[in-house]
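Inside the fold
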Amino acid sequence: MLEMVKPKVTLLNGTEVAEALDEIGRFAGICYDARDGSDWEAVAMHVLYHEHATAYRHVKLKFRIEGVSRAFSHQHVRHNVGVEHNQRSQRYVDEEGFNFVVPPSLLDVNDGRPELREKFELFMLAADELYRELREAGIPAGDARYVLPNACETKLHTSFSLQALRHYCAERLCSAAQFEIREVARQMVKCVREVNPVLAKFLVVKCAPNALGYCPEDRKRWSRCKMRPHKSQMRFRDDWMS
């Protein structure tokens, strides 16, 4: 039976993430001849703060992501440096009765046209019915999937290096990001915060005070947020080559 779903993120290697600062400090400690375990957290904080990524990109954070759409996954898998994805297949898995994602703009129709959401849901039902007919006619799932909508739910396992996750959060926590991927990024940070609140402080949007501190987007996008100063308002030194 078709149902509307929402994003849900689960951290799969919480024990490893909880011990990440010690691991980073131990690995980076050779740079500073830090042999005593009491120094490892301080070393980890130093390399994280200064973004010495060679000291922490070996740390992995693994997530299960469900309740998201195929539209989301097309954006999500574009992150592919330091990231590995495994996704539910529409070729090998029968999608009859698929769940789907409804954009918030359709959930909050306030222009006197509530029938738009009804039409959306009827379209989901029609797609499912055609998919079922194709499968019953002997059409392979890999071919029948061509009638499935972008709203169709998918599920993924994704492994990030810590460096890649910092980049993902910097980009996808931004108000310019689309609703699903922004919510997934939020939930990833929440998952990390529950087991390692110190590490989670480095998973921030790119304009955060402990990141750029200003918005690097174009002025049109910035004008819809204005959380931080725009890059055009910043004064940068032009004597750095002198």
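Right above here is the structure, for reference.
Before going into details, it helps to say that this report is about the structure given with it.

Calculation criteria
- Residues numbered from 1 in each chain as written.
- Predicted model: local features only at pLDDT ≥ 70, side-chain atom pairs only at ≥ 80, totals over all residues.
- Heavy atoms only, no water.
- Pairing = 2+ DSSP bridges.
- Helix = DSSP H or I, 4+ residues; strand = E, 2+ residues; numbered from the N terminus.
- Axes fitted to C-alpha atoms, helices over the stretch in contact; angles between N-to-C directions.
- Core = buried A, V, L, I, M, F, W, Y, C linked by side-chain atoms within 4.5 Å.
- Buried < 20%, exposed > 50% of the residue type's maximum accessible area, 1.4 Å probe, protein only.
- Contact = heavy atoms within 4.5 Å.
- Salt bridge = Lys/Arg side-chain N within 4 Å of Asp/Glu carboxyl O.
- Patch = residues over 30% accessible without salt bridge, like charges linked within 9 Å, V, L, I, M, F, W, Y side chains within 5 Å.
- Areas by Shrake-Rupley, 256 points an atom, 1.4 Å probe, with all protein chains shown as cover.
- Lys, Arg positive; Asp, Glu negative; His and termini not counted.
- Charge placed at Lys NZ, Arg CZ, Asp CG, Glu CD.
- Parallel < 35°, antiparallel > 145°, perpendicular 65-115°, else oblique.
- Nonpolar A, V, L, I, M, F, W, Y, C, P; charged D, E, K, R; others polar.
- Polar contact = N/O pair within 3.5 Å; in protein donor to acceptor, adjacent residues only side chain to side chain.
- Arc of directions from axis to C-beta.

**Let's talk about the sheet that holds strand β1 (residues 8-11)**
Spatially, β1-β2-β4-β3 is the arrangement adopted by the 4 strands of the open sheet, whose pairing is antiparallel. Whereas interior strands pair on both sides, the edge strands pair on one side only; in this sheet they are β1 and β3 (83-87). Between one strand axis and the next, the sheet turns through 20° on average, direction left out of account. The sheet contact formed by β1 and strand β2 (residues 60-69) spans 4 bridges and is antiparallel. Among the inter-strand pairings, T10 is bridged to a residue of β2, identified as R64.

**Section: the nonpolar core**
One finds F63, L162, L165, Y168 and M188 to be the most contacted residues of the largest nonpolar core, which totals 47 residues. Elements with a contribution of two residues or more to this core: β1, α2 (20-28), α3 (40-49), β2, β4 (153-161), α8 (162-172), α9 (179-195) and α10 (197-200). Other than its neighbours up to four places away in sequence, F63 contacts V9, T10, L11, L12, L156, H157, T158, F160, L165, M188, C191 and V192.

**Structural notes on unusual backbone geometry**
With a phi angle near 55°, E51 is a residue other than glycine that sits in the positive phi range. In this fold, E51 is placed in the loop between α3 and β2.

**Focus on the pattern of salt bridges**
One pass over the structure, following the stated rule, counts 10 salt bridges. Across the pair R117 and E121 runs a salt bridge, and its minimum N-O distance is 2.9 Å. Remark: E121 and R117 occur in helix α6 (residues 115-136); sequence separation between them is 4 residues, near one turn of the helix. Here the salt bridges do not stand alone but share partners, grouping E129, R132 and E136 into one network.

**Let's talk about a negative patch on the surface**
A surface patch of like charges, here negative, comprises E16, E19, D22 and E41. Residue position: E19 is located in the loop between α1 (14-18) and α2.

**Points about the packing of α2 against α3**
Two elements in contact, α2 and α3, have axes separated by 7 Å at closest approach and are oriented at 85°. Between α2 and α3, the crossing angle belongs to the class labelled roughly perpendicular. Contacts between α2 and α3 pair L21, D22, I24, G25, R26 and A28 from the former with W40, E41, V43, A44, V47 and L48 from the latter. For the contact of α2 with α3, the class distribution of residues is 8 nonpolar, 1 polar and 3 charged.

**Remarks on the side chain of T158**
The residue T158 is located in strand β4 in this model. For T158, a relative accessible area of 2% corresponds to the buried category. A distance of 2.9 Å separates polar atoms of two side chains, one belonging to T158 and the other to H76. Within the local environment of T158, its side chain forms a polar contact with the side chain of H85, the two groups lying 3.1 Å apart. Discounting residues that sit within four places of it in the chain, T158 has contacts with L61, K62, F63, I65, H76, V83, E84 and H85.

**Re the pairing of β4**
Counted residue by residue, β4 has 7 buried out of 9 residues, so it is predominantly covered. Relative to β4, β3 runs antiparallel, the two being bridged by 5 bridges. Bridge pairing links N86 to H157 in β4.

**Structural notes on α2**
The complete set of buried residues in α2 reads A20, L21, I24, G25 and A28. Down the axis of α2, the smallest arc covering the buried residues is 130°, so these residues share one side. Buried residues along α2 sit against α1, α3, α8 and α10.

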